[in-house]
Amino acid sequence: MSFCAGASRFTLGAAGTYTIVVTANAADTGSISLQLYNATPVTASPPIGGSALVVTTTVPAQQAILTFATTVANEVVSLQVSAQTYASNCNYGSIQILGPSPATTQVASTSFCSGANAFTLAAIGTYTIVLTPNGADTGSITLQIYNTTPWSQTVSANGTATTMSITVPTQQGRLSFSGTSGQRISLQVSNDTLNGTGGFFALTLLNPDGSTAYNNGLTSGPTFGPFTLTQTGTFTFVVNPYGAGTGSLTLQVNTVPPDLSGPIPTNGTATTMTVGTPGQGAAYTFSGTAGQRISFTATSSTLTNSWYDVTILNPDGGTLKTFSAYGSTAFNGPITLVQSGTHTLKIVPEQWGTGSLVVEIYIVPPDISAAISTNGSATTMTATTPGQGALYTFSGTAGQRISFVATSNTLTSNWYDVTILNPDGSTLKGFSAYGSTTFNGPTTLTQSGTHTLKIVPESGGTGTLTQKLYILPADATTASPGDGSAVTQTSTTPGQGMDYTFSGVAGQMDSFWLSFSLTPSGECPNMTVYNPDGSTFQNLSYICGSPKFFGPYTLTQTGTFKVIVSDSGGGTGTATLQRYIVPADVSASVAVNGSAVTQTMGTPGQGVDYPFSGTSGHQVTINLTYSLTPSGDCPGMTLYNPDGSVVQNWSYICGSGVHSTGALTLAQSGTFKVVVADTGGGTGTATVSLTGN
């Protein structure tokens, strides 16, 4: 052995004195620690089916040698390993099972990692288990040997369900039954308590000749099949629980009758599929011609699982389309046939559900095709068959803006999808819409030529949809002087905006009053203020109720600003903007226990300030009265400390008379400030007096 740290095991064959020679490399000097242990192996003889055995090795490199005997040839046993306490990774410890003849023949091997391993004892005799810890490791490990003779039972297809009991780790379950070539069978699994919680298992179906008909590496059921048998004789389902799982399963072998079959009409006449046996499905046929379009609908389902798989097969047996569907109603289509002849509609309930499903197949007529006006004239689409839509064409030029309006909807699904296609066939825009009225726009065209408006009812809806398409005129633009003068703009087309420009200087404060009158009534427009560089300065959405006040806002750039008022609901009408350049707040000092001071807010958004001197620890009460236009406005009031921080803020002080704050204890000394402002854009007077000590 070398100077590397570790432990080596060796056997002293004879009695006497032995010599250990330590030879350093070349001119090396240094020290090394050596220790001799008596590493006589730990021995024990645990019986098959006996209690768990804790094996402890106490010195480095010590092995454990365990023996057990079998009196039956080809006995199947399992060795369960658990609770190892060795320092090294469990994969580094080794366990060997050696056969009786000769005693050095390895039957199986495993590591110190927890788990169970099954092996077959081919010969009668005594077998040896050799445990070898990694390096100088010491510790303990728990072993238990089980007789894992498989659980076995023979049943009849369509007979009584049977319970398979797995009582020891790695025990197999084998369920046999008789079958005939061409027969279809399924296996139902229920009441799975493997590992105590319905665990996983591997399932294999063996043919009478021992070959594998089906194998599923890891599953938990609940139903398998249908399997079409290719031999005649005794078949066996083999269940291998995952890991060391134990517990029970209830198993039922059923024969599966042929799938339901027959022609299915292509005019939407309902066909009811009724499945009484798990694994059964349906294969309906219909005639179709290449290029025709079909759609599939389901209108009612009592399937126990709710989910089912649908496959449409071409006349040559190839798959045209496959999809999964759920619930009482479903739709898929339109689907374009690529071959002529007899097609097959195959339906398979998932998880081998039983019950009924009502389905319909339609030959879908071509999509409605026509030109649509861009002046807002109404066009009505009438979809008569699930899957039918419309393709309307219109001419447009790159840079033009269009808007879409729906004014009436009787579609059975209510939802529909709208796509605007460019002249080259690419998608310009797509959106989904719902209900009787819809607006979408404005949309800017990026190509010139004939565009297409594609409308597809969702979920196979049928009925009518009335829509309009507009080419929008340019937004009208008017300058706003900033002195409160009212500037009115008119939107004549759904999606058209109303624009206002004004000049501003960075640091300047502006405020706005907006009033509007739109059709249909109840519409809530948006107002966006853009900086001179085109970036958004303020974005105000869904302004409901007229008039509304906004501001004051401090401008951050110098140049020409733009305000755009538009209605995202497609309303038309007028909008009136009044813009104010807001002067600095008016300021006048007020003294504690002195006279009341009255100031005037002359511009919407302007505030009035009342500075006063105060001392930390003193108390002050603020008394406010006001008179504002429009009446009913409720101003706010804020008290600031000398360092600029807020002492307290009072919002929406409403009502006539004197409004008093109550005694406030000052926490700083210096000049405080009371600011009164009306966020509702009112103008008028505010009177403040202070009382205190």
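Note that this is a predicted model, so its numbers are computed, not measured.

K.L.:
How should the overall build of the protein chain be read in this particular structure?
P.N.:
Within the protein chain, the secondary structure is distributed over 0 helices and 55 strands. Computed over the C-alpha atoms, the radius of gyration of the protein chain is 44 Å, more than 25% above the 26 Å expected from 2.2 N^0.38 for a compact globule of 693 residues. Overall, the protein chain is about 115 × 90 × 60 Å in size when its C-alpha atoms are taken along their principal axes. A fraction of 70% describes how many contacts in the protein chain between residues 6 or more apart in sequence connect residues 24 or more apart. Counting 14 positive and 26 negative side-chain charges, the protein chain places the averaged centre of each group 7 Å from the other.

K.L.:
Hey, could you run me through the sheet that holds strand S4 (residues 75-82) in this one?
P.N.:
Strand pairing within a sheet occurs via backbone hydrogen bonds; the two strands may be parallel or antiparallel. Taking strand neighbours across the sheet as the criterion, the 4 strands line up as S2-S9-S4-S7 in an open arrangement whose pairing is antiparallel. Pairing within the sheet leaves two strands with one partner each, and these edge strands are strand S2 (53-57) and strand S7 (115-121). Averaged over all neighbouring strand pairs, the angle between strand axes comes to 25°, with direction disregarded. The sheet contact formed by S2 and strand S9 (residues 139-147) spans 5 bridges and is antiparallel. Bridged to Thr56 within S9 is Ser140.

K.L.:
I would appreciate a short explanation of the sheet that holds strand S25 (residues 330-336) in the present structure.
P.N.:
With antiparallel pairing, the 4 strands of this open sheet are ordered in space as S20-S27-S22-S25. On the outer flanks of this sheet lie strand S20 (271-275) and S25, each paired with one strand and no other. Shown here is a sheet whose adjacent strand axes are inclined to one another by a mean of 25°, direction ignored. Pairing geometry for strand S22 (residues 293-301) and strand S27 (residues 355-364), over 8 bridges, is antiparallel. Looking at the pairing, Ser301 lines up with Leu357 of S27.

K.L.:
How should the side chain of Thr70 be read in this particular structure?
P.N.:
Considering the arrangement of structural elements, one finds Thr70 in strand S3 (residues 64-70). The class of Thr70 is buried, set by a relative accessible area of 2%. A distance of 3.1 Å separates a polar atom in the side chain of Thr70 from the backbone oxygen of Val72. Excluding anything up to four places from it in sequence, Thr70 contacts Ile48, Glu75, Leu121, Ala123, Ile124, Gly125 and Tyr127.

K.L.:
Got a minute to help me understand the pattern of salt bridges in this structure?
P.N.:
Side chains that carry opposite charge are capable of pairing whenever their charged atoms lie near each other. Taken as a whole and judged by the stated rule, the model has 4 salt bridges. Here Arg184 and Asp259 are joined by a salt bridge, their closest N and O atoms 3.0 Å apart. Of the two residues, Arg184 sits in strand S13 (residues 184-190) while Asp259 sits in the loop between strand S18 (247-255) and strand S19 (260-263), which places them 75 residues apart along the sequence. Residue classification places Arg184 among the buried residues on the basis of a relative accessible area of 17%. Classification of Asp259 by relative accessible area gives partly exposed; the value is 25%.

K.L.:
Even after reading the chapter, I still don't get the packing of aromatic side chains, so can you show me in this structure?
P.N.:
Note on aromatic pairs: each is described by the distance of the centres and the angle between the planes. Counted under the stated rule, the structure contains 18 aromatic pairs. Ring centres of Phe201 and Phe224 lie 6.3 Å apart, and the angle between their planes is 65°; this geometry places the pair in the edge-to-face category. Of this pair, Phe201 sits in strand S14 (residues 201-206) while Phe224 sits in strand S16 (residues 223-228), and the two are 23 residues apart along the sequence. Considered together, Phe201 and Phe224 belong to a single accessibility category, that of buried residues. Here the aromatic rings of Trp513 and Phe549 are separated by 5.5 Å at their centres, their planes lie at 55°, and the arrangement is tilted. Linking Trp513 in strand S40 (residues 509-519) with Phe549 in strand S43 (residues 548-554), this pair joins segments that are 36 residues apart in sequence.

K.L.:
Would you take a moment to explain unusual backbone geometry for this structure?
P.N.:
Glycine aside, a negative phi is what most residues show, and trans is what most peptide bonds show. Of the consecutive residues Gly225 and Pro226, the connecting peptide bond is found in the cis state with omega at 0°. Assignment of secondary structure puts Pro226 in strand S16. Residue Pro630 is bonded to the preceding Thr629 through a cis peptide linkage, with omega at 5°. Examined against the element boundaries, Pro630 turns out to sit in the loop between strand S49 (619-629) and strand S50 (636-640). Positive phi is not limited to glycine here, since Tyr652 has a value of about 50°. Mapped onto the elements of the fold, Tyr652 is located in the loop between strand S51 (646-650) and strand S52 (659-660). Given the relative accessible area of 62%, Tyr652 is considered exposed.

K.L.:
For this particular structure, what's the right way to read the state of the cysteines?
P.N.:
Chemically, a disulfide is nothing more than a covalent bond linking the sulfur atoms of two cysteines. Scanning the entire structure with this criterion turns up 3 disulfides. Here Cys90 engages in a disulfide with Cys113; their sulfurs sit 1.9 Å apart. An S-S torsion of about 80° defines the bridge between Cys90 and Cys113 as right-handed. Placement of Cys90 in the loop between S4 and strand S5 (94-98) and of Cys113 in the loop between strand S6 (106-111) and S7 is noted, with a sequence separation of 23 residues between them. In this model Cys524 forms its disulfide with Cys544; the gap between the sulfur atoms is 1.9 Å. Around the S-S axis, the bridge from Cys524 to Cys544 shows a dihedral of about 115° and counts as right-handed. Pair noted here: Cys524 is in the loop between S40 and strand S41 (526-530) and Cys544 is in the loop between strand S42 (536-540) and S43, with a separation of 20 residues, a long-range link. By sequence order of its bonded cysteines, the protein chain has the disulfide arrangement 1-2, 3-4, 5-6.

The rules behind these values
Residues numbered from 1 in each chain as written. Predicted model: local features only at pLDDT ≥ 70, side-chain atom pairs only at ≥ 80, totals over all residues. Heavy atoms only, no water. Helix = DSSP H or I, 4+ residues; strand = E, 2+ residues; numbered from the N terminus. Rg over C-alpha atoms; globule rule 2.2 N^0.38 Å. Contact = heavy atoms within 4.5 Å. Lys, Arg positive; Asp, Glu negative; His and termini not counted. Charge placed at Lys NZ, Arg CZ, Asp CG, Glu CD. Pairing = 2+ DSSP bridges. Axes fitted to C-alpha atoms, helices over the stretch in contact; angles between N-to-C directions. Buried < 20%, exposed > 50% of the residue type's maximum accessible area, 1.4 Å probe, protein only. Polar contact = N/O pair within 3.5 Å; in protein donor to acceptor, adjacent residues only side chain to side chain. Salt bridge = Lys/Arg side-chain N within 4 Å of Asp/Glu carboxyl O. Phe/Tyr/Trp six-rings, centres within 6.5 Å; stacked < 30°, edge-to-face > 60°. Disulfide = S-S within 2.5 Å.

In short, the description is geometric, and any link to function would need to be established separately.
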